[in-house]
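Fold and geometry: a report
Given next are the chains, with one letter for each unit.
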Amino acid sequence: TNALLYNPKLIAREEVPRTLTDYGNPKYKGKYSVPPWITRAIMGTLKYDKEEWLNVVRSWGRNKAHMLAFNAGIDRLLLGELSFLSANAYYYYAEKDKDKNAPIGLSFFEDLTTLHRAMNVVMEGSRHPNAAKLFTLWSVGEEASLLFQKYSYAPNVYLGKRGPLSTAIVNEFEKRNIKPVTWFDTPQTVKEFLWYETAEGKKYAQAIDRAQREGK
């Protein structure tokens, strides 16, 4: 689940960006990092016009403090070198499990909160493909979901019996009227996903990468 993690010693929850469009506001210059990949950034076109979204990502690039992988960014956050960053929600639960007093808070973007689905595959030529399929079916069920939440802090917001992490996230979504999206929600979102494999889509993805890195 895409989330906003922040250091409450440096910034109050009421002061963190409420939307991805506000993330690059000049008032936050130097307070956050962005990752060195664009898998999350390109999902902005699920909601925004492509040229408008490109300008949003340019604002991130202009005002960021660093480009850091999530783990490195969260280390800086905990040390008080960054005020906030966009990352996966499970990092919050992992840090709180290690230290309940860890200076990290959890929020979500109100304009566009995205979910990332875990994919399971069975390799061609596997010695026991049916056993692998059975394991895959088990892994997407309630029992496995509870284990994943306990040991890897990975929520599953789709299941009826969600577990504590997923329940907390879904309750927050409902309270703030957040409707999370994925690439696979509708035929139109799938079409948008596949567009990135076209020549035009690849060119746009390169522009997003340049915008996030260089702010232009």
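Heads up: these notes are all about the structure in this document. (Residues numbered from 1 in each chain as written. Predicted model: local features only at pLDDT ≥ 70, side-chain atom pairs only at ≥ 80, totals over all residues. Heavy atoms only, no water.)

**Regarding the packing of helix H1 (residues 50-63) against helix H8 (residues 199-214)**
The N-to-C vectors of H1 and H8 enclose an angle of 30°; their axes lie 7 Å apart at closest approach. With respect to H8, the element H1 is oriented roughly parallel. Within the contact between the two elements, H1 uses Lys50, Trp53, Leu54, Val57, Arg58, Trp60 and Gly61 and H8 uses Tyr204, Ala207, Ile208, Ala211 and Gln212. Grouping the amino acids of the contact of H1 with H8 by side-chain chemistry returns eight nonpolar, two polar and two charged. (Axes fitted to C-alpha atoms, helices over the stretch in contact; angles between N-to-C directions. Helix = DSSP H or I, 4+ residues; strand = E, 2+ residues; numbered from the N terminus. Parallel < 35°, antiparallel > 145°, perpendicular 65-115°, else oblique. Contact = heavy atoms within 4.5 Å. Nonpolar A, V, L, I, M, F, W, Y, C, P; charged D, E, K, R; others polar.)

**Describing the sheet that holds strand E5 (residues 105-107)**
Pairing in this open sheet of five strands is mixed, and the strands run E3-E2-E4-E1-E5 from one edge to the other. The open sheet has two edge strands with one neighbour each: strand E3 (66-67) and E5. Of the strands in this sheet, strand E1 (2-6), strand E2 (32-34), E3 and strand E4 (84-88) touch helix H2 (residues 70-79), which is tilted by about 140° from E4. Helix H3 (residues 90-98) contacts E1, E4 and E5 of the sheet and is inclined by roughly 100° relative to E4. (Pairing = 2+ DSSP bridges.)

**Describing a nonpolar patch on the surface**
A cluster of nonpolar residues, Phe135, Trp138, Leu147, Phe148 and Tyr151, forms a patch on the protein surface that exposes about 530 Å² of accessible area. Looking at the nonpolar patch element by element, the count peaks at three residues for helix H5 (residues 142-151). Position of Trp138 among the secondary structure elements: in helix H4 (residues 129-139). Looking at Trp138, the relative accessible area reads 32%, which means it is partly exposed. (Patch = residues over 30% accessible without salt bridge, like charges linked within 9 Å, V, L, I, M, F, W, Y side chains within 5 Å. Areas by Shrake-Rupley, 256 points an atom, 1.4 Å probe, with all protein chains shown as cover. Salt bridge = Lys/Arg side-chain N within 4 Å of Asp/Glu carboxyl O. Buried < 20%, exposed > 50% of the residue type's maximum accessible area, 1.4 Å probe, protein only.)

**Examining helix H7 (residues 187-195)**
For H7, the full list of buried residues reads Thr189, Glu192 and Trp195. Burial along H7 is one-sided: seen end-on, the buried residues are contained in an arc of 115°. In this structure, H7 carries Pro187, Lys191 and Leu194 as exposed residues pointing more than 90 degrees from its buried face. Of the surrounding elements, those touching the buried residues of H7 are H1 and H8. (Arc of directions from axis to C-beta.)

**Section: the pattern of salt bridges**
Evaluated as defined, the whole model comprises ten salt bridges. Between Arg58 and Glu51 there is a salt bridge, with its nearest N and O atoms 3.6 Å apart. With a closest N to O distance of 3.4 Å, Glu172 and Lys175 form a salt bridge. Linking Glu172 with Lys175, this pair stays in helix H6 (residues 164-175), spanning three residues, or about one helical turn. Look at Glu172 and you get buried, because its relative accessible area is 12%. On the basis of relative accessible area, Lys175 is assigned to the exposed category, the value being 63%. A single salt-bridge network, built from bridges that share partners, covers Arg13, Arg18, Glu110, Glu172, Lys175 and Arg176.

**Some remarks on the packing of aromatic side chains**
For the coordinates displayed, the defined rule picks out 20 aromatic pairs. Ring plane angle 80° and centroid distance 5.0 Å describe the contact between Tyr92 and Tyr93, whose orientation is recorded as edge-to-face. Pairing Trp195 with Tyr196 gives two aromatic rings, centres 5.0 Å apart and planes at 75°, and the pair type is edge-to-face. Accessibility expressed as a relative area gives 15% for Trp195, which makes it buried. The exposure class of Tyr196 is buried, given its relative accessible area of 9%. Put simply, the rings of Tyr23, Tyr28, Tyr32, Tyr48, Trp53, Trp60, Phe84 and Phe109 pair up and form one aromatic cluster. Looking at Lys47, its charged tip hangs above the ring of Tyr48, at a distance of 5.8 Å from the centre. The positively charged end of Lys50 is found above the aromatic ring belonging to Trp195, 4.4 Å away from the centroid. (Phe/Tyr/Trp six-rings, centres within 6.5 Å; stacked < 30°, edge-to-face > 60°. Lys NZ or Arg CZ within 6 Å of the ring centre and 35° of its normal.)

Purely geometric stuff here, so don't read any function into it on its own.
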